[in-house]
Structure formats: C-alpha cells, structure tokens
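Listed below, chain by chain, are the residues.
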Amino acid sequence: MLNVLVTGASGQLGSEMRRLGSAASNDYLFTDAAELDITDAGAIRRTMAERRIDVVVNCAAYTDVERAEREEAAADRLNREAAGVLAAAVREADATLIHISTDYVFDGASPEPYTEESHAAPQSVYGRTKLAGEEAIRASGCKHLILRTSWLYSEYGHNFLKTMLRLTAERERLNVVFDQTGTPTYAGDLALAIFSIVEKGLYAGNEGTYHFSDEGACSWYDFAVEIAAAVGHDKCRIEPCRTADYPTAARRPAYSVLDKSKLKRTFGIEIPHWRESMRYCLHRIYNCNER
C-alpha cells in the first residue's frame with residue numbers, strides 16, 4: 001500500500017482529491033497550510049519520514065493572477081520556493097512528486113495547441129512563478145510528474161463558473177472577453193486523472209511534463225454563454241468584448257489550448273469534452289448537498 005501526501009487539500013483540486021480518496025486502496029494524508037507549511041523544509045521532512053510518504057501530490061499554489069502582480073514575493077514563495085522545498089524532500093525520501101502547473105507559462109502567441117516541448121514565455125507574475133516552480137523541481141533531480149492544466153473550475157472555492165452563475169442571476173447585462181481562447185477544465189476530471197495515475201502506479205517510469213485539460217476549446221465569452229444557458233439564466237444578456245476594453249494588471253495568454261496527446265498516449269486516460277464536464281459540475285452544485 002502506498003502512502004500519499006496531498007497538499008493544498010482545501011482548494012478546488014485538493015477538495016476533489018479528498019473526495020476520491022475516500023474510496024482509495026492506498027493511504028492518503030490530506031493537508032492544507034494550517035496543518036503543513038510546505039515552505040518549511042523541516043516540517044516537510046518530518047511528515048515524509050513519519051508517514052513514510054511514497055507520493056506527494058502538490059495541489060497548493062498562489063492562484064490569484066491579479067493579486068500576484070502586487071504580491072510577487074508571496075506568489076514566488078508558494079509557487080517557486082515551496083515547489084523546490086517539496087522536491088528536495090521528495091528526492092531525499094526517494095519518493096515521487098506530482099506537481100500541478102498552468103497554461104499561463106505560455107505567451108499565447110501560438111496558432112496551434114501547445115505541446116510539452118513548446119517554448120515557455122509567461123507574461124504575468126503568476127505564470128513566471130509557476131514556471132520557476134517547474135524549473136526548481138526539474139533541477140532538484142527528484143522523480144516527478146508536472147501536470148500543466150488550464151481554466152480550472154469546480155463546485156468548490158472561487159472560480160469563473162461560480163462567478164458567472166452569480167452574475168448572470170443578478171444582472172441584466174454582462175460583458176465577457178471573447179479574444180482569449182483556452183479550455184475550461186473541471187477539477188474533478190484532473191483529480192480523477194491524478195487518482196488513476198497514483199492508484200495504478202503509472203507514475204513509475206513515466207516521469208516528465210504532461211498537459212491535461214478537458215477536450216475542446218472556447219473563449220471566456222463562449223463559456224459564460226454555455227453556463228447561463230445550462231441553468232436558464234436567460235434574462236441576462238451576455239455581450240462579447242475585447243481584452244483591451246477591460247485592461248487588467250496581469251497579461252493573460254490570448255490562446256492557451258494544451259495538446260494532451262502525450263498524456264493520453266502514456267497513461268491511457270480518456271478525457272471528456274468541457275461541455276459535458278460543465279454540465280456534470282452544475283448538476284453537482286444544484287443537486288448535491290456536498291460542496
């Protein structure tokens with residue numbers, strides 16, 4: 001039986017991992033900042049040794065893209081420094097680190113989906129610190145899988161889907177950008193992929209960087225329209241607008257669709273279309289007591 005440490009277990013992805021872990025054949029330890037400071041090398045080493053950890057799934061990250069522009073030190077501490085601390089402890093324990101990264105490591109200038117070998121050129125503090133975290137993990141020499149994902153949402157926490165549910169219920173009109181294209185990804189789908197890789201032991205011998213998002217692509221505007229239509233919020237008129245009409249501190253990729261061929265080929269994982277997963281998430285929000 002494996003001993004698996006999941007950090008950031010109260011976030012979107014961590015919460016989905018916790019839900020799946022209840023049916024696991026292995027022993028999962030779920031922690032968040034209050035229980036385990038992942039920037040504290042001593043605390044990490046003690047936990048790894050006491051619990052004899054075989055696999056660390058790092059779901060913790062500084063994900064507020066706008067605030068990161070003002071709080072670069074805080075973003076760097078969690079996205080780069082903590083990743084390096086975890087990687088060093090994982091190497092010492094001869095364990096494996098599964099780390100979550102982002103499509104924001106790319107500049108958005110590509111005319112086609114990004115592969116794992118595509119040149120990374122982040123345009124924001126968030127993207128730069130996440131890329132620095134990847135580089136720290138690779139430099140550590142630990143056994144690792146880096147999973148880049150995009151536009152994550154779920155029934156937990158704060159995310160675009162839940163914001164659109166609220167705004168389209170409250171407002172008669174809403175402007176949403178149509179010139180940023182990517183793939184909405186249900187955190188439950190990513191959690192299930194990670195869970196499958198861990199439970200089947202598929203991480204062994206398959207170390208490296210992989211891309212995971214749901215299938216398909218759309219703009220934020222398209223996503224908002226689909227959300228509103230699915231729940232009958234037809235009184236709100238959603239209008240497309242350009243990114244330039246609503247300037248933000250952080251620059252976001254205009255195009256960040258990820259090529260998932262390597263992950264599907266290596267692990268045999270079937271990935272649903274984003275519309276299918278969106279409807280499933282909405283069903284959970286409106287028909288389940290669990291949040």
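Computed from a predicted model, the values in this text were never measured in an experiment.

A. Summary view of the overall build of the chain. Looking only at helices and strands, the chain has 10 helices and 12 strands in total. The C-alpha radius of gyration computed for the chain amounts to 19 Å, which stays within 12% of the reference 19 Å derived for 291 residues, consistent with globular compactness. Taking the principal axes of its C-alpha atoms as reference, the chain extends roughly 55 × 40 × 40 Å. Looking at the 291 residues of the chain, the share that counts as buried comes to 53%. In the chain, the proportion of contacts linking residues at least 24 apart, taken out of those at least 6 apart, comes to 82%. When the accessible area of the chain is evaluated, it comes to approximately 13,100 Å², of which 46% is carbon and sulfur surface.

B. Representation of the side chain of Glu-239. Its location among the elements puts Glu-239 in strand β12 (residues 237-241). You can call Glu-239 buried: its relative accessible area is 16%. A distance of 2.4 Å separates polar atoms of two side chains, one belonging to Glu-239 and the other to Arg-237. Contacts of Glu-239, omitting those with residues within four sequence positions, involve Arg-173, Leu-174, Asn-175, Val-176 and Tyr-221.

C. Structural detail: the packing of aromatic side chains. Evaluated as defined, the whole model comprises 12 aromatic pairs. A centroid spacing of 6.0 Å and a plane angle of 25° characterise the contact between Tyr-28 and Phe-195, whose relative ring orientation is stacked. Of the two residues, Tyr-28 is situated in strand β2 (residues 27-30) and Phe-195 in helix α7 (residues 187-199); the sequence distance between them amounts to 167 residues. Each member of the pair Tyr-28 and Phe-195 is classed as buried. Considering the side-chain rings of Phe-223 and Trp-274, the 5.6 Å spacing of their centres and the 85° angle between planes classify their relative orientation as edge-to-face. Highlighted residues: Phe-223 in helix α8 (residues 220-230) and Trp-274 in helix α10 (residues 274-287), separated in sequence by 51 residues. Judged by relative accessible area, Phe-223 falls into the buried class, the value being 1%. Site record: aromatic cluster; members linked through ring pairs are Trp-151, Tyr-153, Phe-160, Tyr-186, Trp-220, Phe-223, Trp-274 and Tyr-280. Here the basic side chain of Lys-262 rests over the ring of Tyr-210, its NZ or CZ set 4.6 Å away from the ring centre.

D. Highlighting helix α1 (residues 12-21). Buried residues dominate α1, accounting for eight of its 10 residues. Listed as buried for α1 are Gln-12, Leu-13, Gly-14, Ser-15, Glu-16, Met-17, Leu-20 and Gly-21. Considering only its buried residues, α1 is in contact with β1 (3-7), β2, β4 (96-102), β6 (152-153), β9 (185-186) and α7.

E. How the structure looks around the environment of Thr-243. With respect to the helices, strands and loops of the structure, Thr-243 is situated in the loop between β12 and α9 (261-267). Along the primary structure Thr-243 and Ala-254 are separated by 11 residues, whereas in three dimensions their C-alpha atoms are 8.8 Å apart. Not counting residues within four places of it along the chain, the set of residues in contact with Thr-243 comprises Val-177, Asp-179 and Gln-180.

F. Local environment of the layout of surface pockets. Here the second largest pocket defines a volume of roughly 160 Å³. Along its surface, the second largest pocket is lined by Glu-16, Arg-19, Leu-20, Tyr-186, Gly-188, Asp-189, Ala-191, Leu-192, Glu-276, Ser-277 and Tyr-280. Secondary structure elements with two or more residues in the lining of the second largest pocket: α1, α7 and α10. At four residues, α7 tops the list of elements feeding residues into the lining of the second largest pocket.

G. Geometry of the side chain of Ser-140. The residue Ser-140 is located in helix α5 (residues 125-140) in this model. In terms of polar contacts, Ser-140 uses its side chain to reach the backbone amide nitrogen of Cys-142, at 3.1 Å. Those residues in contact with Ser-140, other than ones at most four positions away along the chain, are Ala-87, Ala-88 and Arg-91.

H. Broad picture of the sheet that holds strand β5 (residues 143-149). Pairing within the open sheet is parallel, and its six strands lie in the order β2-β1-β3-β4-β5-β10. Across the chains shown, the open sheet's two edge strands, defined by having one partner strand only, are β2 and β10 (208-211). Neighbour-to-neighbour, the strand axes of the sheet open up by a mean angle of 20°, direction not taken into account. Where β1 meets β2, four bridges bridge the pair, whose relative direction is parallel. Residue pairing across strands places Val-4 opposite Tyr-28, the latter belonging to β2. Each of β4, β5 and β10 touches α5; the most contacted strand, β4, lies at about 160° to it.

I. Seen up close, the packing of α8 against α10. With their axes 11 Å apart at the nearest point, α8 and α10 run at an angle of 45° to one another. Here α8 is positioned oblique relative to α10, judged by the angle of their axes. Remark: the crossing between α8 and α10 carries right-handed chirality. For the pair α8 and α10, contact is made by Asp-222, Phe-223, Glu-226, Ile-227 and Ala-230 and by Trp-274, Arg-275, Met-278 and Leu-282, respectively.

Scoring rules and cut-offs
Residues numbered from 1 in each chain as written. Predicted model: local features only at pLDDT ≥ 70, side-chain atom pairs only at ≥ 80, totals over all residues. Heavy atoms only, no water. Helix = DSSP H or I, 4+ residues; strand = E, 2+ residues; numbered from the N terminus. Rg over C-alpha atoms; globule rule 2.2 N^0.38 Å. Buried < 20%, exposed > 50% of the residue type's maximum accessible area, 1.4 Å probe, protein only. Contact = heavy atoms within 4.5 Å. Areas by Shrake-Rupley, 256 points an atom, 1.4 Å probe, with all protein chains shown as cover. Polar contact = N/O pair within 3.5 Å; in protein donor to acceptor, adjacent residues only side chain to side chain. Phe/Tyr/Trp six-rings, centres within 6.5 Å; stacked < 30°, edge-to-face > 60°. Lys NZ or Arg CZ within 6 Å of the ring centre and 35° of its normal. 1 Å grid on protein atoms, 1.4 Å probe; cavity = no way out; pocket = protein on both sides within 12 Å on 5 of 7 lines; lining within 4 Å. Points joined across faces, edges and corners; volume = space filled by probe spheres on them. Pairing = 2+ DSSP bridges. Axes fitted to C-alpha atoms, helices over the stretch in contact; angles between N-to-C directions. Parallel < 35°, antiparallel > 145°, perpendicular 65-115°, else oblique. Left-handed = near helix turned anticlockwise from the far one by under 90°.

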